[in-house]
Amino acid sequence: MEKRKILVTGGTGYIGSHTVVELIEAGYEVEILDNLYNSKLEVLDNIEKITDTRPKFYQVDLCNKDAVEKVFAENKFQTVMHFAGLKAVAESVREPLKYYENNVGGTLNLLDAMLKNNVNEIIFSSSATVYGVQETPKYIETMTTGIHISSPYGKTKHMIEEILKDVVTSNPEFRASILRYFNPIGAHRSGLIGENPNDIPNNLMPIIMKVATGEIPELSVYGNDYDTLDGTCVRDYIHVVDLAKGHLKAMEKLESGERVQVYNLGAGNGVSVLEIVKAFSKASKKALPYKVVGRRDGDLAEFYADPSRAEQDLGWKAELTIEDAMADTLRYLESDDSTTNQYA
Ligand code: WQD
């Protein structure tokens, strides 16, 4: 039987590369489209080391409409997993047009090429940020989204969700699975792939990683005066491998049922910044240096997933722990030759 052929946009990125590994190991044929803006070609080498398979790679920018159409014209994909996009929240506030052009414009080119080539299934990398501000910290898929989203980055994710719903309405063949990520952390157990952004990171874990390797002297904890268990912000940190596995389950589910499916992919519990710092320090057997500073604009005190719909519909739930994520992150730091680090 011919293997299902999947195009993964952003497949050399953090979440994309971990999903590519799971897809290959599940027996799918995978090809990657990425512009390498925030990832490195050596990720392909490491995917090959892990899976003994080197996915075909197209260094293409989704903003290049002709190049995107050429990739689809040359292939018969059954499904697209769409990770490609800019995701630096603070940068999106400074440069909104860059985010609308790349994230929304790029997705329009992708969808146009898909429809023209009869590729009718997309799994979209969305984000908990689309929930904006809610009455309660436990987010559920039926909540109203799009209200008081704090950044253009988050607004692009919401816009793309709405675009997908309209495309499904207009095209009876088209199906979309929208996956709302919470806070991805960790790395593949091999230590060969992990989070290694080209740009200056915004997110907590890649910054902790740079503190651990000495590139940044200490972590700035953005506020400890929130109404939470220890005063620092609470988030739902989910291991990237659990997140990747959720994509395979969502793709299988998308074959049937509703043509727009929305799922929270989170562990379902809240962990504070200081608890993350403590967990990393314990795993590395070295106290992570930090100082408490003022709050960061736009931060919410607390939010985490209600993952029950994914559990019931997909038979998926997060299985790896914060401790697993810290151990896997350290293994990646120790083996990752692209950072000058004292862990080698
Ligand atoms: C987590 C907590 C910070 C850095 C955003 C996006 C979301 C998703 C994940 C892409 C917060 C604190 C952070 C630091 C700190 N994006 N922090 N010092 O803001 O929950 O979510 O990233 O997939 O869509 O909205 O994640 O990692 O930036 O912050 O104290 O140097 O860590 O205040 O409480 P966030 P984050």
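Given the structure is predicted, the values throughout are model-derived calculations rather than measurements. (Residues numbered from 1 in each chain as written. Predicted model: local features only at pLDDT ≥ 70, side-chain atom pairs only at ≥ 80, totals over all residues. Heavy atoms only, no water.)

Draft legend 1. Looking closely at the site of the ligand. Surveying the vicinity of the ligand reveals 19 residues, the closest of which are S127, N203, L204, R235 and D299. Note that an oxygen atom of the ligand is positioned 2.7 Å from one of the side-chain N or O atoms of N203. Here an oxygen atom of the ligand and a backbone polar atom of L204 are 2.7 Å apart. Out of a free accessible area of 690 Å², the ligand has 93% covered by protein chains. At the level of secondary structure, the elements contributing two or more residues to the shell around the ligand comprise α7 (204–212) and β9 (219–222). Ranked by residue count, the leading element in the shell around the ligand is β9, at four residues. Along the lines of polarity and charge, the residues of the shell around the ligand split into 10 nonpolar, six polar and three charged. (Near = heavy atom within 4 Å. Polar contact = N/O pair within 3.5 Å; in protein donor to acceptor, adjacent residues only side chain to side chain. Areas by Shrake-Rupley, 256 points an atom, 1.4 Å probe, with all protein chains shown as cover. Helix = DSSP H or I, 4+ residues; strand = E, 2+ residues; numbered from the N terminus. Nonpolar A, V, L, I, M, F, W, Y, C, P; charged D, E, K, R; others polar.)

Draft legend 2. Up close: the sheet that holds strand β12 (residues 260–265). Taken in spatial order, the seven strands line up as β3-β2-β1-β4-β5-β7-β12 in an open sheet, and their pairing is parallel. Whereas interior strands pair on both sides, the edge strands pair on one side only; in this sheet they are β3 (56–59) and β12. Taking each pair of neighbouring strands and ignoring which way they run, the sheet shows an average axis angle of 20°. Pairing analysis gives seven bridges linking strand β5 (residues 121–127) to strand β7 (residues 175–181), with the strands arranged parallel. Looking across to β7, one finds that S127 is bridged to Y181. (Pairing = 2+ DSSP bridges. Axes fitted to C-alpha atoms, helices over the stretch in contact; angles between N-to-C directions.)

Draft legend 3. Examining the nonpolar core more closely. One finds V8, L23 and M81 to be the most contacted residues of the largest nonpolar core, which totals 34 residues. Breaking this core down by element, the ones donating at least two residues are β1 (5–9), α1 (14–25), β2 (29–34), α2 (42–51), β7, α8 (240–254), β12 and α10 (308–314). If we skip the residues at most four places from it in the chain, L23 touches I6, V8, Y28, V30, M81, L248 and M251. In this structure, L7, L164, F174 and A176 belong to the second largest nonpolar core, which totals 28 residues. (Core = buried A, V, L, I, M, F, W, Y, C linked by side-chain atoms within 4.5 Å. Buried < 20%, exposed > 50% of the residue type's maximum accessible area, 1.4 Å probe, protein only. Contact = heavy atoms within 4.5 Å.)

Draft legend 4. Representation of the layout of surface pockets. There is about 150 Å³ of room inside the second largest pocket. Together, Y37, A88, A90, E91, R94, D199, I200 and N202 line the second largest pocket. When its residues are assigned to classes, the lining of the second largest pocket shows four nonpolar, one polar and three charged. (1 Å grid on protein atoms, 1.4 Å probe; cavity = no way out; pocket = protein on both sides within 12 Å on 5 of 7 lines; lining within 4 Å. Points joined across faces, edges and corners; volume = space filled by probe spheres on them.)

Draft legend 5. Looking closely at the pairing of β5. Of all seven residues that make up β5, seven are buried, and the element is covered over most of its length. Neither face of β5 is exposed, since E121, I123, S125 and S127 on one face and I122, F124 and S126 on the opposite face are all buried.

Draft legend 6. Structural context of the environment of R309. Structurally, R309 can be placed in helix α10. Between the C-alpha atom of R309 and that of L265, which follows or precedes it by 44 residues, the distance is 9.6 Å. The contact partners of R309, leaving out residues within four places of it in the chain, are E141, T142, V262, Y263 and L314.

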